[in-house]
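Coordinate analysis (summary)
Below are the chains, spelled out letter by letter.
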Amino acid sequence: MLLVIMAVAMMTTTDRLAQLINKLNKSWRIEAKEAVKYLMRLLAKGVKTEAAITKVQQHYPNLSTLPELQPALVEAAAYAYGIVPSALTTAQVELMGEQLAGKWDESGMTLSEKLHGVGVKMRGAIVSTLQEQMRRNKNWTEAARALYDGYGEDGQNVYNGGKDIISRQDLPKYLQKVRLATGNDLQALAEQRQVIEKINRLARNGAPNKALQAAYNELLEAVQKGNEKAIEKAVEVAINEKSRYVAERITRTEMARAWADGFIAKMKKDADIVAVKFKLSSSHPVFDICDMYAKADMYGLGAGIYPKDKLPPLPVHPHCLCRYVEVIEGEVDMQQQRDQVREAGDKWLNSLPESRRAQVLGRDGLKAWKDGEDWRKYMRGYAGLREAESRLSDLSAGAISGALNDKNDPDYTRRYEHAEKYYEARRKNGIHAFVNKIHKNTGYPKKRLESIFKHVFINEYDLADGHHRFYPNFEMAQSFQRLLEGKNIQEHDVLMLKHEHLEFAIMKKIGYNYDEAHDLTNTKYNYSLAERYWREKNVDA
């Protein structure tokens, strides 16, 4: 095994799509925090709401234009296709960006049109939230003025014989308005109650006009202080909750579609993929139609497994991060395929409690289904099963071979990054796809391929810099790529398989350490030397 000693931590994230989305959302939230502070400063200066929001959008345009989204769509699609983004050419990145910005859903809108809508929705959310809070503040302030009836229109004390100036009956109503305006701020409630008690105490003790007026002013100051806190909280809600929801909705949904585009493009090109498994997202909090897609056996191939031309659409709904998983030839008996969609849906529904059925069918749909009607007419979100189309053209041409070399990557950094992500992709795709594809393309024994997969991608060993997996190697990544695709396979690619299997056997059966096993293996199968010789003869490879 070739060991590249580099102080780079191995990536452990298995859900690449979720990682990309989280990166985008984190970047947005950091900028949103600054936007909140900026908007508060503008409002404090007396800038009107609409004008202040316009200034915020001008100062922080990325909150609504989401410039990082389109490059991330390319990354997501490339990973789903099986290509590490760093290996794409500039022309490919540009073409994919254009294709992934195109229409794909029932709205008929391009990405640019959707992003324009994001800006409009965000502005509307901020304006409506602030206007509602200001309305509450106005009601609260007016209530505070109305509570104190100790002063007539002429400003003179009309203290009435030791009774409370502020009626105890009115107090709960007033505090309810405080609670509403401040979002149940306990400190604001306590401050209001204390000042009101002080006013009443002064009134009972026959306090002079000045003392009561001062206490009343304290009440108004408490109202003003609470107003400011309430507005600040409203700004945070408008930007960090409502606007963030709009941004994250389009980010998650468009990223999920880009991932599906990459997978579909790969699926159509790869004859070894004979079916597709619908996989629920690990963060799927709401029971819905996705659960049916994942658990019903609609074509006799197994729960959640569909023929390539009869797929549930992805994403199924906004925020949906469910995904397709390839089913390789030999993993399922396609001779068992038969259309049993309605029956499978009935069986799935019958397995559910009444509340769950109502959740996916609705009350009227549940009644109709019980009366013998087809569930497909009423299933919420059901759009049929059909052949999926990708917005992407063929990505494989020129994507890896020749993309990186000593000229454009003199310090090996980009090649290592490529190899690191490629190794992670192989682990994510799993041992069965690896074994079945290479066996089909080369005839190499499956048992040996299983050992090679574990040796190269999974096992940890005592190496020169500690106990861990082997570091990824760019040249080996290229060899594995050719072996898996079955295209342009070289002699040294097969030699690599022999090297890895023998090295694994020596370490396991004889007990040699890595260095000893590697050196001994090289006396028979020297992959490094063969690969270097081939590369020197093929300068463009």
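Since we're looking at a predicted model, the values are computed, not measured.

The next point concerns a nonpolar patch on the surface. On the surface, Ile510, Tyr512 and Leu520 cluster together into a nonpolar patch covering about 270 Å² of accessible area. Examined against the element boundaries, Leu520 turns out to sit in helix H18 (residues 514–522).

In this section: the packing of helix H15 (residues 446–458) against helix H17 (residues 491–510). For any two helices packed against each other, one specifies the crossing angle of their axes together with the interaxial distance. Look at H15 against H17: their axes get within 9 Å of each other, and the N-to-C directions meet at 75°. Classified by the angle their axes make, H15 and H17 are roughly perpendicular. Contacts between H15 and H17 involve Arg448, Leu449, Ser451, Ile452, His455 and Val456 from the first element and Leu497, Glu500, His501, Glu503, Phe504 and Met507 from the second. Residue composition of the contact of H15 with H17, grouped by class: six nonpolar, three polar and three charged.

For the rest of this paragraph, the subject is H18. Where H18 is concerned, the buried positions are Tyr514, Ala517, His518, Thr521 and Asn522. Buried positions in H18, seen along its axis, are confined to an arc of 130° and lie on one side of it. Check the buried side of H18 and you find it contacts strand S4 (461–463), H17 and helix H19 (527–537). Sitting at the head of H18, Asn513 places a side-chain oxygen 3.2 Å from the backbone nitrogen of Asp515.

Before going further, it helps to spend a moment on the sheet that holds strand S1 (residues 273–279). Read across the open sheet, the three strands follow the order S2-S1-S3; overall the sheet is antiparallel. A strand with exactly one partner marks an edge of an open sheet, and here the two such strands are strand S2 (305–307) and strand S3 (323–328). Going from strand to strand, the sheet's axes swing by 35° on average, the running direction of each strand aside. Bridge analysis of S1 against S3 gives six bridges, and the strand direction is antiparallel. Its bridge partner lying in S3, Lys277 is registered against Val325.

So, on to the environment of Leu449. Position of Leu449 among the secondary structure elements: in helix H15. Separated by 13 residues in sequence, Leu449 and Asn436 place their C-alpha atoms 8.9 Å apart. Setting aside chain neighbours within four positions, we find Leu449 in contact with Phe434, Val435, Ile438, His439, Tyr444 and Leu497.

Mapped onto the elements of the fold, Arg391 is located in the loop between helix H12 (354–370) and helix H13 (413–429). Residue Arg391 is classed as buried on the basis of its relative accessible area of 16%. Within the structure, the side chain of Arg391 is placed 3.0 Å from the backbone oxygen of Gly102, a separation counted as a polar contact. Leaving out residues up to four positions away in the same chain, Arg391 has contacts with Gln99, Leu100, Ala101, Gly102, Lys103, Trp104, Arg257, Ala258 and Asp261.

This part is about a positive patch on the surface. A cluster of like positive charges, contributed by Lys447, Arg448, Lys454, Lys508 and Lys509, occupies part of the molecular surface. When contributions to the positive patch are tallied by element, the ones reaching two or more residues are H15 and H17. By residue number, the principal contributor to the positive patch is H15, which donates three residues. Position of Lys509 relative to the elements: it lies in helix H17.

Rules and cut-offs
Every chain is numbered independently, its residues counted from 1 as its sequence is written. Local features in this predicted model are restricted to residues of pLDDT 70 or higher, and side-chain atom pairs are both shown and tallied only at a pLDDT of 80 or more, whereas totals for entire chains, interfaces and linings draw on every residue. Each side-chain value is derived from all of the structure's non-hydrogen atoms; neither hydrogens nor water enter the calculation. The patches reported here contain residues having more than 30% relative accessible area and no salt bridge. Joining distances are 9 Å for like charges and 5 Å for nonpolar side chains (Val, Leu, Ile, Met, Phe, Trp, Tyr). For the area figures, the Shrake-Rupley method with a 1.4 Å probe applies, and any residue is considered shielded solely by the protein chains shown. By definition, a salt bridge exists where a carboxyl oxygen of Asp or Glu is found within 4 Å of a side-chain nitrogen of Lys or Arg. Helix numbering and strand numbering both begin at the N terminus, where a helix is a DSSP run of H or I of at least 4 residues and a strand a DSSP run of E of at least 2. Axes, fitted as lines to C-alpha atoms, cover a helix only where it is in contact. Angles between the N-to-C directions of the axes lie from 0 to 180 degrees. If an angle is under 35 degrees, it is roughly parallel; if it is over 145, roughly antiparallel; if it lies from 65 to 115, roughly perpendicular; otherwise it is oblique. Every residue pair with non-hydrogen atoms within 4.5 Å of one another is taken to be in contact. Charged residues are taken to be Asp, Glu, Lys and Arg, nonpolar residues to be Ala, Val, Leu, Ile, Met, Phe, Trp, Tyr, Cys and Pro, and polar residues to be all remaining types, Gly included. Working definition: with a 1.4 Å probe on protein chains only, accessible area under 20% of the residue-type maximum means buried, over 50% means exposed, and in between means partly exposed. Note that the arc is defined by the directions from the helix axis to the C-beta atoms. Two N or O atoms form a polar contact when they lie within 3.5 Å of each other; inside protein one atom must be a possible hydrogen donor and the other a possible acceptor, and for residues adjacent in sequence the pair counts only when both atoms belong to side chains. At least two bridges found by DSSP between two strands is the condition for calling them paired. By the counting scheme adopted, Arg and Lys are positive, Glu and Asp are negative, and His together with the chain ends is not counted. We put the charge of a Lys on NZ, of an Arg on CZ, of an Asp on CG and of a Glu on CD.

Structural measurements only, silent on function.
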